[in-house]
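Observations on the three-dimensional arrangement
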Amino acid sequence: SAGQSEMTAAVRDGLDHLIHQMTEECGVAPSQIVDVVVVCNPIMHHLYLGIDPVELGQAPFTPATSAAVSVEARDVGLPVHPRAKIYLLPAIASHVGGDAAAVVLSLAPQDTGALTLIVDIGTNAEIFLGNKEGVVATSCPTGPALEGAVITHGQRAAQGAIETVRIDPTTKIIRFKVIGSNLWSDDPGFAESVVDFGVTGLCGSGVIEMVAELRMAGIIDHTGLMGSPEQTGCAQCFADGRTFSVSIYRGDQHIIFTNNDVREVQMAKAALYASIRLLMNSIGANTVDRIVLAGSFGSHISAQHALVLGLIPDCKLKDITAVGNAAGDGACLALLDVSARRKIEAVAQQI
């Protein structure tokens, strides 16, 4: 369809732009690139290769191909050496794509004795659980709430976004830090430190800390219902229609967090936790030995607050690690070591 070819062109243009940006930074010509590895989610994979992704949007969510793919760069219009090859990692299952396979390649849960839970949180969360005995995987939607899209003042992680939140258990005063300033909101000089960009909203890590802190301070009850100023002792609570909200900051705009925002986080948390429990049940596990949070979002969330919310199962804090862009690391491995490509092709078959 016209829409599909437009999206394919947009994805290819995006990659084209990245290649030019990268080669400029490195001081080389794009035509010097002779080998490329691309990792992406199944929809992007299909669009990039010019395959209709419609089947991925309806049950049983079947990808056109889940095998590793090698194509000529010129066939997908990439501005590199005319004889260059592009390698796309195999998909593991319908919505656990080549980007997830790259995470497995870099973290190798199948080589460890410890029962390891890997959670790569983005628009979808890809979740792996296993060890030498075997690895199981699934995918679930978490994105809109945890990326801020359905939160009243949610936004992506950029200057001015609230990323850290603390609520005093006694006074119930809410204080926070934003990206771009090292000061807390109640520090002298905070307003001056954000004068160039302001306080614009909450990014994913701020949303999670906000809900966990509201719960720990007793401003929301165990069902997620926010109380009145009289019930909670929090002067920042105010009546907002049929429910209560909290006022976080009054600057160029009034930043608030509503009871509906709490509900959105509960939905995302439920999807994530249910998926993890299903994987644990499928292998008969009641606990996990270690948890690895992957992806840029996973690296910025506080493990302690994720535990309070029940985003992840109980685990000692020292056994929870954040590894950043594990998919990018896996892509580098596949680029630099051809035997790693054969390895992930075999491992993907067994998950």
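Residues numbered from 1 in each chain as written. Predicted model: local features only at pLDDT ≥ 70, side-chain atom pairs only at ≥ 80, totals over all residues. Heavy atoms only, no water.

**Topic: the overall build of the protein**
For the protein, the helix and strand inventory stands at 12 helices and 14 strands. Taking 2.2 N^0.38 as the reference for a compact globule, 351 residues should give roughly 20 Å; the C-alpha atoms of the protein span a radius of gyration of 22 Å, in line with that estimate. If you line up the protein on its principal axes, its C-alpha atoms span 70 × 50 × 40 Å. Per-residue burial for the protein yields a buried fraction of 48% across its 351 residues. In the protein, once contacts between residues fewer than 6 apart in sequence are set aside, the share between residues at least 24 apart is 59%. As displayed, the protein has an accessible area near 16,500 Å², and 53% of this comes from carbon and sulfur atoms. Separation between the mean location of the 22 positive side-chain charges and that of the 36 negative ones in the protein comes to 6 Å. (Helix = DSSP H or I, 4+ residues; strand = E, 2+ residues; numbered from the N terminus. Rg over C-alpha atoms; globule rule 2.2 N^0.38 Å. Buried < 20%, exposed > 50% of the residue type's maximum accessible area, 1.4 Å probe, protein only. Contact = heavy atoms within 4.5 Å. Areas by Shrake-Rupley, 256 points an atom, 1.4 Å probe, with all protein chains shown as cover. Lys, Arg positive; Asp, Glu negative; His and termini not counted. Charge placed at Lys NZ, Arg CZ, Asp CG, Glu CD.)

**Description of the packing of helix α1 (residues 2-26) against helix α2 (residues 42-49)**
Viewed as axis vectors pointing N to C, α1 and α2 meet at an angle of 95°, and their least axial separation amounts to 8 Å. Taken together, the axis directions place α1 and α2 in an arrangement best described as roughly perpendicular. Each of Gln4, Met7, Thr8, Val11, Arg12 and Leu15 in α1 lies in contact with α2, whose residues at this interface are Met44, Leu47, Tyr48 and Leu49. (Axes fitted to C-alpha atoms, helices over the stretch in contact; angles between N-to-C directions. Parallel < 35°, antiparallel > 145°, perpendicular 65-115°, else oblique.)

**What about the layout of surface pockets?**
Considering only enclosed or pocket space, the largest pocket measures out at about 780 Å³ in volume. As for the largest pocket, its lining consists of 23 residues, and the residues nearest its centre are Leu15, Met22, Val36, Val37 and Val38. Within the residue set of the lining of the largest pocket, elements represented by two or more residues are α1, β1 (35-38), α2 and α11 (326-336). Of the residues belonging to the lining of the largest pocket, the class tally is 18 nonpolar, three polar and two charged. When its volume is computed, the second largest pocket comes out at roughly 650 Å³. Residue classes in the lining of the second largest pocket are distributed as nine nonpolar, nine polar and four charged. (1 Å grid on protein atoms, 1.4 Å probe; cavity = no way out; pocket = protein on both sides within 12 Å on 5 of 7 lines; lining within 4 Å. Points joined across faces, edges and corners; volume = space filled by probe spheres on them. Nonpolar A, V, L, I, M, F, W, Y, C, P; charged D, E, K, R; others polar.)

**Describing the state of the cysteines**
Two cysteines form a disulfide when their sulfur atoms are joined by a covalent bond. In the structure shown here, the tally under the stated rule is zero disulfides. Cysteine 140 forms no disulfide, and the closest cysteine sulfur to it belongs to cysteine 315, at a distance of 18 Å. For cysteine 140, a relative accessible area of 3% corresponds to the buried category. (Disulfide = S-S within 2.5 Å.)

**Details of the environment of glycine 160**
Turning to its location among the elements, glycine 160 is positioned in the loop between α4 (143-146) and β7 (161-167). Dropping the residues within four chain positions of it, glycine 160 is found in contact with Gln155, Val178, Ile179, Phe197, Gly198, Val199, Thr200 and Gly201.

**Digging into the side chain of histidine 45**
Here histidine 45 lies in helix α2. Setting aside anything within four residues of it in sequence, one finds histidine 45 in contact with Cys40, Thr65, Val69 and Leu88.

**Notes on the pattern of salt bridges**
This structure, assessed with the given rule, holds seven salt bridges. In this structure, lysine 85 engages glutamate 72 in a salt bridge whose closest nitrogen and oxygen atoms are separated by 3.2 Å. Of this pair, lysine 85 sits in strand β3 (residues 85-88) while glutamate 72 sits in strand β2 (residues 69-72), placing them 13 residues apart in sequence. (Salt bridge = Lys/Arg side-chain N within 4 Å of Asp/Glu carboxyl O.)

**Some details on the sheet that holds strand β13 (residues 290-294)**
Spatial strand order, β6-β5-β4-β13-β14: five strands in an open sheet with mixed pairing. The sheet is open, and its two borders are formed by β6 (134-141) and β14 (320-324), each paired with just one other strand. Mean inter-strand twist for the sheet, computed between neighbouring axes without regard to direction, equals 20°. Where strand β4 (residues 116-121) meets β13, five bridges bridge the pair, whose relative direction is parallel. What sits directly across from threonine 116, in β13, is arginine 290. Against the sheet, helix α8 (residues 259-282) contacts β4, β5 (124-131) and β6, and its axis sits at roughly 160° relative to β6. (Pairing = 2+ DSSP bridges.)

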